[in-house]
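# Per-entry structural report
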Amino acid sequence: MSNLTHRILLGEFDGSSSDDDEIAMVQLIMARQFQKFQRRRQQRGHVGSTSGRAWIPRDRVAADQRLNADYFCEYPLYDEKLFQQRFQMSRPLFHKILGKLQEHDVTFVQRNDATGAAGLSGIQKMTSALRMMAYGTPADSLDEYLKIGGSTAVESLQSFCRGVISIFEAEYLRKPNEADTARLLHVGNQRGFPGMLGSLDCMHWQWDKCPTAYHGFFSGRSGKPTIVLEAVASYDLWIWHAFFGMPGSFNDINVLDQSHLFDDLSAGRAPPAHFVVNGSQYDMGYYLADGIYPKWATLVQTISQPQGRKKQHFARMQEACRKDVERAFGVLQARWAIVRGPARFWNEVDLGYIMKTCVILHNLIIKDQRDHDASDEITELLSSNRIQVSRDITPALVDFFKNNSRIRSNEAHHSLRNDLIEHLWARNGDEE
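This write-up is about the structure you can find in this document. The structure presented is a predicted model; accordingly, all values stated were derived computationally and were not measured.

## A short note on the overall build of the chain
Regarding its fold elements, the chain presents 16 helices and seven strands. The buried share among the 432 residues of the chain stands at 42%. If you take every contact in the chain between residues at least 6 apart in sequence, the share linking residues at least 24 apart comes to 67%. If you sum the accessible surface of the chain, you get close to 23,500 Å²; carbon and sulfur atoms cover 50% of it.

Now the structure itself:
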């Protein structure tokens, strides 16, 4: 390349040269290079500001108007029954969640882009997130009706999950307070199990996009990678405890050892749970569980091979009440198909957000659907005291070890189960 050509390409040529032929040659080369660049850009379908990205003229305003006419106007095309079937919640609850999200995150507030065109509305973004969760559909399948791209739909789902957790977790995924504990103990006593706070079990969610390097760690009995959800559910299918993220190679005992289910009880922060069974007094509530769980004072299992009418009756009653958590899992998966089928996200953190959001929405819907009075109103979470860190043997630490030993007491477990066997037999064993 000559010195003149070099100066022209750098923009330093001042036009003083008389070599017209060389100037024309340089201009021809530059024109051909620009034509090649234009052809490559057209072949890639590029029109927008990012190289290689196609721009699709979606009519978002018309899609938003159609969505409002179908579900959200004064006289919508589809009635309340179809709305609940497709959104898994009532219209008032939908608007309540959307209003909270718009106050929390501007992502769900409709804004104009750089050209002045209206962007996606909050209703469109929340609808796309709920459709992905309720139907388990791929993100790009929502484009035809909602006019929302696949990547934008995924971003809306992530923002929706983080917003719901940030706003509603403190109330709808909390441990029982004193009023809740008293209600659960009352219902447990009516069902023949004084002191029962719920039932405990685990559910596996298959991870379809699990990295190959993690397959062995996350694969369990099914041979496919899964992630475990440990949950406690009560008689009304409310989920009081949800611990998610353990690999599928862990069994229920391993998950229990890692979970925070008994942390408050060990630290002495749990609400009191005093009850009497067969003349014996107890001060720790318990959960019904299946046979794999350890024999602790806070867990009551069935009898695998009951001998005698009393033990057979206890086994039937325990297995019937323990189905609460199984029913809760069934309703959760029926309501949110995204946790019923294989998970199609690469990041397990995103899967944790999705699972926790499904549980919170599950509880939100239960509260919205059931009839409540003043005693059933969910009270607000009490502010917890700041934890003091110390390396000395403090009274709180001593109490922690004592409480932890009481929770894991095998002797107390057998004593409680024997008292329950006698109690259930005296209560309605003669009816058999």
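Here the narrative resumes.
## A closer look at the sheet that holds strand β7 (residues 299-301)
Neighbouring strands of a sheet are bound in pairs by backbone hydrogen bonds; such pairs are parallel or else antiparallel. In space, the five strands of this open sheet follow the order β3-β2-β1-β6-β7, with mixed pairing throughout. Since the sheet does not close on itself, it has two edges, and those belong to β3 (239-247) and β7, each with one partner. If you compare each strand with its neighbour and ignore which way they point, the axes differ by 25 degrees on average. Bridge count between strand β1 (residues 196-206) and strand β6 (residues 286-289): three bridges; the pairing is parallel. Across the sheet, residue G198 finds its bridge partner in β6, namely Y287. In this fold helix α16 (residues 410-428) packs onto β6 and β7, with an angle of close to 55 degrees to the strand it touches most, β7.

## Notes on the packing of aromatic side chains
Counted according to the given criterion, the structure contains 23 aromatic pairs. Consider the rings of F262 and Y287, whose centres lie 6.0 Å apart with planes at 50 degrees: the pair is tilted. Taken together, the positions of F262 in the loop between α11 (252-258) and α12 (263-267) and Y287 in strand β6 put the pair 25 residues apart, joining distant regions of the chain. Judged on exposure class, the residue F262 and its partner Y287 are both buried. The aromatic ring of Y78 is capped on one face by R86, whose charged end is 4.5 Å from the ring centroid. Lying over the aromatic face of F87, R131 brings its terminal NZ or CZ to 5.1 Å of the ring centre.

What counts and what doesn't
- Residues numbered from 1 in each chain as written.
- Predicted model: local features only at pLDDT ≥ 70, side-chain atom pairs only at ≥ 80, totals over all residues.
- Heavy atoms only, no water.
- Helix = DSSP H or I, 4+ residues; strand = E, 2+ residues; numbered from the N terminus.
- Buried < 20%, exposed > 50% of the residue type's maximum accessible area, 1.4 Å probe, protein only.
- Contact = heavy atoms within 4.5 Å.
- Areas by Shrake-Rupley, 256 points an atom, 1.4 Å probe, with all protein chains shown as cover.
- Pairing = 2+ DSSP bridges.
- Axes fitted to C-alpha atoms, helices over the stretch in contact; angles between N-to-C directions.
- Phe/Tyr/Trp six-rings, centres within 6.5 Å; stacked < 30°, edge-to-face > 60°.
- Lys NZ or Arg CZ within 6 Å of the ring centre and 35° of its normal.

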